[in-house]
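Structure at a glance
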Amino acid sequence: MSEKIPCEMIRDLLPSYVDGLTSKTTDKAVETHVADCTDCKTALDFMREGEEKKEKTEEKKEIDFLKKTRRKKTQSVVIGVLTAIVILFAAIIAKVYFIGSPIDEEFVSCRLSVNGKEISVGGGSKIRNSDVPFVDFEEKDGVVTISFRSVRESRFHTGGYLESFTAENEIKTVKLDDRIVWNNGKAISKITSDAFETRHLYVGAMPENNRTATALGVYEVLGTFSNALKTS
């Protein structure tokens, strides 16, 4: 077969043969020829070596690309996590030192003065290492409700608070959260306000009676006692 097919034709077929593009008949002819032709065999080996080097180079490029891509993804994840941590930390700092959280009125000292539509309040936090820089006013039908927000004491917020508010209508009642502290010109003590909040219509409602007794401090004075309703 090698005598019938010139080397030039075999050399022309070698690239396709190496790439696996030739038919079985052509493959057999090339293999028969190179078995007896040293020059064509050398050319075939050279092409195969070049193809192997090319494949290795392509494989290395692919591996390097995958490594680079993975490295970038890892860096992106790390940066994303660090960014999230920084944002979370900043949010916590802002919440604790600048924005604040609602604080119940019982933990806030409050002095208030009412004059017509004007109200002024001053005081501070009863909780150690905290401050009350934010006072919110809400008005509805002559009732002004005051609420507070506290923050961690820092150089940004130190000391107490002093705020004023002008209502649209003449002030009739002032509340700290849900507790009435001023009504129609008179200051309302906490015990009076607490007892007022337990008001109920039926004198025989014992659980409600106990709530009223607790608000008035009866248990602190008399200790444990019992009550009963006599209907005769």
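1. Remarks on the sheet that holds strand β6 (residues 161-166)
Taken in spatial order, the three strands make up an open sheet running β2-β3-β6, and their pairing is antiparallel. At either end of the open sheet lies a strand with only one pairing partner, and these are β2 (108-115) and β6. Ignoring which end each strand starts from, the neighbouring axes of this sheet average 15° apart. The pairing of strand β3 (residues 118-125) with β6 spans six bridges and is antiparallel.

2. Digging into the packing of aromatic side chains
Remark: the centre distance and the inter-plane angle together describe each pair of aromatic rings, the angle taken between the planes. In total, this model carries three aromatic pairs according to the counting rule given. Ring centres of F98 and F156 lie 5.0 Å apart, and the angle between their planes is 55°; on these two criteria the pair is classed as tilted. Of the two residues, F98 is situated in helix α3 (residues 38-99) and F156 in the loop between β5 (143-152) and β6; the sequence distance between them amounts to 58 residues. Ring centres 5.5 Å apart and planes at 55° place the aromatic pair F148 and Y161 in the tilted group. In this pair, F148 sits in strand β5 while Y161 sits in strand β6, placing the two residues 13 residues apart along the sequence. For the pair shown, F148 and Y161 are each scored as buried.

3. Some thoughts on the packing of helix α1 (residues 7-18) against helix α2 (residues 24-36)
Direction vectors running N to C along α1 and α2 enclose 120°, while the axes themselves pass 10 Å from each other. One element, α1, and the other, α2, form an angle in the oblique class. The element α1 and its partner α2 pack so that their crossing is left-handed. Of the residues in α2, those touching α1 at C7, I10, L13, L14 and Y17 are T26, D27, A29, V30, E31 and H33. Broken down by class, the residue content of the contact of α1 with α2 amounts to seven nonpolar, two polar and two charged.

4. With respect to the packing of helix α4 (residues 190-197) against helix α5 (residues 206-216)
To characterise two packed helices, one gives the angle between the axes of the helices and the distance between these axes. Direction vectors running N to C along α4 and α5 enclose 175°, while the axes themselves pass 8 Å from each other. As far as their axial angle goes, α5 and α4 are roughly antiparallel. On α5, the residues that touch I191, D194, A195 and E197 of α4 are R211, A215 and L216. Residues that form the contact of α4 with α5 fall into these classes: four nonpolar, no polar and three charged.

5. Considerations on the pairing of β2
One ladder, built from eight bridges, connects β2 with β3; its direction is antiparallel. Note that in β3 the partner of N115 across the bridge is E118. Remark: two residues form the turn of the hairpin made by β2 and β3, two consecutive strands paired antiparallel; G116 in that turn has positive phi of roughly 65°.

6. Some thoughts on the nonpolar core
Ranked by internal contacts, the top residues of the largest apolar core, which has 18 residues, are I119, I146, F148, Y161, I171 and V174. Within the residue set of this core, elements represented by two or more residues are β2, β3, β4 (130-140), β5, β6, β7 (173-176) and β8 (179-183). At three residues, β5 tops the list of elements feeding residues into this core. The residues touching I146, leaving out its near neighbours within four places in the chain, are I119, V121, V135, D136, F137, V174, K175, L176 and D177.

7. Some details on unusual backbone geometry
At D141, a residue that is not glycine, the phi angle is positive and equals roughly 55°. With respect to the helices and strands, the residue D141 is situated in the loop between β4 and β5. Here D141 falls in the exposed class, since its relative accessible area comes to 64%. At N184, a position not held by glycine, the phi torsion is positive, near 50°. Within the fold, N184 resides in the loop between β8 and β9 (186-187). Residue N184 is classed as exposed on the basis of its relative accessible area, which comes to 57%.

Parameters and conventions
Residues numbered from 1 in each chain as written. Predicted model: local features only at pLDDT ≥ 70, side-chain atom pairs only at ≥ 80, totals over all residues. Heavy atoms only, no water. Pairing = 2+ DSSP bridges. Helix = DSSP H or I, 4+ residues; strand = E, 2+ residues; numbered from the N terminus. Axes fitted to C-alpha atoms, helices over the stretch in contact; angles between N-to-C directions. Phe/Tyr/Trp six-rings, centres within 6.5 Å; stacked < 30°, edge-to-face > 60°. Buried < 20%, exposed > 50% of the residue type's maximum accessible area, 1.4 Å probe, protein only. Parallel < 35°, antiparallel > 145°, perpendicular 65-115°, else oblique. Left-handed = near helix turned anticlockwise from the far one by under 90°. Contact = heavy atoms within 4.5 Å. Nonpolar A, V, L, I, M, F, W, Y, C, P; charged D, E, K, R; others polar. Core = buried A, V, L, I, M, F, W, Y, C linked by side-chain atoms within 4.5 Å.

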